[in-house]
Amino acid sequence: MKVKDGIIGFVVGDALGVPVEFERRETLEKDPVVDMREYGTYNQEMGTWSDDSSMTIATMDSIINKKAIDYEDIMKNFCEWMVNSKFTPHGRLFDIGNTTRRGLNRYLEGADVFHCGGSSTHDNGNGSLMRVLPLAFIPDIDYETIENISALTHAHARSKIACVLYVEIAKSMLENDLTIDEHINQACEKIKQHYNDNEDLEHFNRIFNDELDDDNILSGGYVIDTIETVVFCLKTTDNYKDAVLKAVNLGIDTDTNAAICGGLAGIYYGYDSIPIDWINVIARLDWILSYCEKYEAFCDESQ
């Protein structure tokens, strides 16, 4: 079940990074993450996932219930998460990005759903990139819909392009038998062709030109840093475990980078490639698996 491959890969990566979020690379080089940890940054139990997985599941919940993409309903789910801690691992919210919070507050204050997301260059955190993986499983998903989903909280072109690129890589992995490099290159070519007259496309040049290395990879919350980190970790490892551990041990936005990387690595290498000990400690695992089953059924029916 490909939905399970990707979503569990995503959630496991998220939980792996939660205890060390904001830790610097130099610190993690001395004490690298090699297994699931507990407590740490947010003092959470082992297997606890963050806003990345909460908003991903909230998106899936809306699509399952509406049997369609309903932007208003997705925003309502996001607000239920922010205000009432729905879709959280332990019934309490402990992490939310600033741009996401502002976008949801605009909606709660009465803004139209299409005018909530921040659109300045300072609104290019990875808060929409971290929740778009479910769109990759929907047959014939179009770029405009992906952009609109991003724009609920992150409306700048850079964030929207990053979301489309990520979904394109995932779709390539779902549909084609290629190497990781080939999947990424194929997705990049589609992005370059579609956005060829968009001035923000230049921010993706290091990915397009295969110029990522240990010396220039940043791993903070900026959307370009995140998509570069994910691509770099996938291209320089050959299994799920090493990919997500590399994403975590680069430091700073450890949960989001490992989650987004883990979603793709889960699709590419499969559910059985994810260490079972990591899966078994995931909070509300059966609940998440039930969402995977229902979402896969929706996607199958949509073909």
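Further up the page is the structure itself.
Residues numbered from 1 in each chain as written. Predicted model: local features only at pLDDT ≥ 70, side-chain atom pairs only at ≥ 80, totals over all residues. Heavy atoms only, no water.

1. Observations regarding the overall build of the protein
Reasoning step 1: Along the backbone of the protein there are 14 helices and zero strands.
Reasoning step 2: Along the protein, helices and strands appear, N-terminal first, in the series α-α-α-α-α-α-α-α-α-α-α-α-α-α.
Reasoning step 3: Whereas a compact globule of 303 residues would reach a radius of gyration of roughly 19 Å, the protein reaches 17 Å, a difference of no more than 12%.
Reasoning step 4: Its C-alpha atoms give the protein principal-axis dimensions of about 50 × 45 × 40 Å.
Reasoning step 5: Taken over 303 residues, the protein has a buried fraction of 60%.
Reasoning step 6: Carbon together with sulfur atoms contributes 43% to the accessible area of the protein, which is approximately 12,200 Å² in total.
Reasoning step 7: Across the protein, the 26 positively charged side chains and the 53 negatively charged ones have centroids separated by 4 Å. (Helix = DSSP H or I, 4+ residues; strand = E, 2+ residues; numbered from the N terminus. Rg over C-alpha atoms; globule rule 2.2 N^0.38 Å. Buried < 20%, exposed > 50% of the residue type's maximum accessible area, 1.4 Å probe, protein only. Areas by Shrake-Rupley, 256 points an atom, 1.4 Å probe, with all protein chains shown as cover. Lys, Arg positive; Asp, Glu negative; His and termini not counted. Charge placed at Lys NZ, Arg CZ, Asp CG, Glu CD.)

2. Overview of the environment of Lys66
Reasoning step 1: Looking at the element boundaries, Lys66 is found in helix H3 (residues 51-66).
Reasoning step 2: Exposure remark for Lys66: the relative accessible area of 44% places this residue in the partly exposed category.

3. So, helix H5 (residues 98-108)
Reasoning step 1: Of all the residues in H5, the buried ones are Thr99, Thr100, Gly103, Leu104 and Tyr107. With its buried residues spanning 130° around the axis, H5 presents them on a single face.
Reasoning step 2: Packed against the buried residues of H5 are H3 and helix H4 (71-84).
Reasoning step 3: Residue Gly110 follows H5 closely and has a positive phi angle near 110°. (Arc of directions from axis to C-beta. Contact = heavy atoms within 4.5 Å.)

4. A word on the side chain of Thr237
Reasoning step 1: Here Thr237 shows up in the loop between helix H10 (223-235) and helix H11 (240-249).
Reasoning step 2: Separated by 2.6 Å, the side chain of Thr237 and the backbone oxygen of Cys233 make a polar contact.
Reasoning step 3: Every residue in contact with Thr237, bar those within four places of it in the chain, is listed here: Asp242, Ala243, Lys246 and Tyr269. (Polar contact = N/O pair within 3.5 Å; in protein donor to acceptor, adjacent residues only side chain to side chain.)

5. A short note on the environment of Glu21
Reasoning step 1: By the element assignment, Glu21 lies in the loop between helix H1 (2-17) and helix H2 (25-30).
Reasoning step 2: Note on Glu21: relative accessible area 5%, which makes it buried.
Reasoning step 3: For the pair Glu21 and Asp200, spaced 179 residues apart in sequence, the C-alpha separation works out to 28 Å.
Reasoning step 4: Filtering out sequence-adjacent residues up to four positions away, Glu21 remains in contact with Thr41, Tyr42, Asp95, Ile252, Asp253, Thr254 and Asp255.

6. Quick notes on unusual backbone geometry
Reasoning step 1: If you check the backbone angles, Ser85 has positive phi at about 60° while not being a glycine.
Reasoning step 2: Residue Ser85 is classed as buried on the basis of its relative accessible area, which comes to 18%.

7. Comments concerning the state of the cysteines
Reasoning step 1: Applying the stated rule across the entire model yields zero disulfides.
Reasoning step 2: No disulfide involves Cys116; its sulfur sits 8.0 Å from that of Cys79, the nearest cysteine.
Reasoning step 3: As a non-bridged cysteine, Cys299 has Cys292 as the owner of its nearest cysteine sulfur, 11 Å distant. (Disulfide = S-S within 2.5 Å.)

8. Some details on the pattern of salt bridges
Pairing between side chains of opposite charge can happen when their charged atoms approach one another.
Reasoning step 1: Applying the stated criterion across every chain, the model contains 10 salt bridges.
Reasoning step 2: Close ionic contact of Lys2 with Asp5 constitutes a salt bridge, the shortest N to O distance being 4.0 Å. In this pair, Lys2 and Asp5 both sit in helix H1, three residues apart, roughly one turn of the helix.
Reasoning step 3: We classify Lys2 as partly exposed; its relative accessible area is 36%.
Reasoning step 4: Two residues, Glu175 and Lys171, come together in a salt bridge whose shortest N-O distance is 3.5 Å. Pair noted here: Glu175 and Lys171 are both in helix H7 (residues 157-175), with a separation of four residues, about one helical turn. (Salt bridge = Lys/Arg side-chain N within 4 Å of Asp/Glu carboxyl O.)

9. Structural notes on the packing of aromatic side chains
Reasoning step 1: A full pass over the atoms with the stated rule returns nine aromatic pairs.
Reasoning step 2: Taking the centre distance of 5.0 Å and the plane angle of 55° together, the rings of Tyr42 and Phe94 count as tilted. Taken together, the residues span a long stretch of sequence, with Tyr42 in the loop between H2 and H3 and Phe94 in the loop between H4 and H5 at a distance of 52 residues.
Reasoning step 3: You can call Tyr42 buried: its relative accessible area is 18%.
Reasoning step 4: Pairing Tyr295 with Phe298 gives two aromatic rings, centres 6.1 Å apart and planes at 45°, and the pair type is tilted. Taken together, the positions of Tyr295 and Phe298, both in helix H14 (residues 285-301) and three residues apart, correspond to about one turn of that helix.
Reasoning step 5: For Tyr295, a relative accessible area of 0% puts it in the buried group.
Reasoning step 6: Judged by its relative accessible area of 11%, Phe298 is buried.
Reasoning step 7: Put simply, the rings of Phe22, Tyr42 and Phe94 pair up and form one aromatic cluster.
Reasoning step 8: We note Arg284 situated over the ring of Trp287; from NZ or CZ to the ring centre the distance is 3.7 Å.
Reasoning step 9: Just above the ring of Tyr291 sits the side chain of Lys294; from NZ or CZ to the centre is 4.9 Å. (Phe/Tyr/Trp six-rings, centres within 6.5 Å; stacked < 30°, edge-to-face > 60°. Lys NZ or Arg CZ within 6 Å of the ring centre and 35° of its normal.)

10. Concerning the packing of H3 against H4
Two quantities define a packed helix pair, namely the angle between the helix axes and the distance between the axes.
Reasoning step 1: Contact pair H3 / H4: the axes reach a minimum separation of 9 Å and the direction vectors enclose 140°. Here H3 is positioned oblique relative to H4, judged by the angle of their axes. The way H3 lies across H4 gives a crossing that is right-handed. For the pair formed by H3 and H4, the contact residues are Asp51, Ser54, Met55, Ala58, Thr59, Asp61, Ser62 and Lys66 on the first element and Asp73, Ile74, Asn77, Phe78 and Trp81 on the second.
Reasoning step 2: Looking at the contact of H3 with H4 residue by residue, the classes come out as five nonpolar, four polar and four charged. (Axes fitted to C-alpha atoms, helices over the stretch in contact; angles between N-to-C directions. Parallel < 35°, antiparallel > 145°, perpendicular 65-115°, else oblique. Left-handed = near helix turned anticlockwise from the far one by under 90°. Nonpolar A, V, L, I, M, F, W, Y, C, P; charged D, E, K, R; others polar.)

These values are about where atoms sit, not about what they do.
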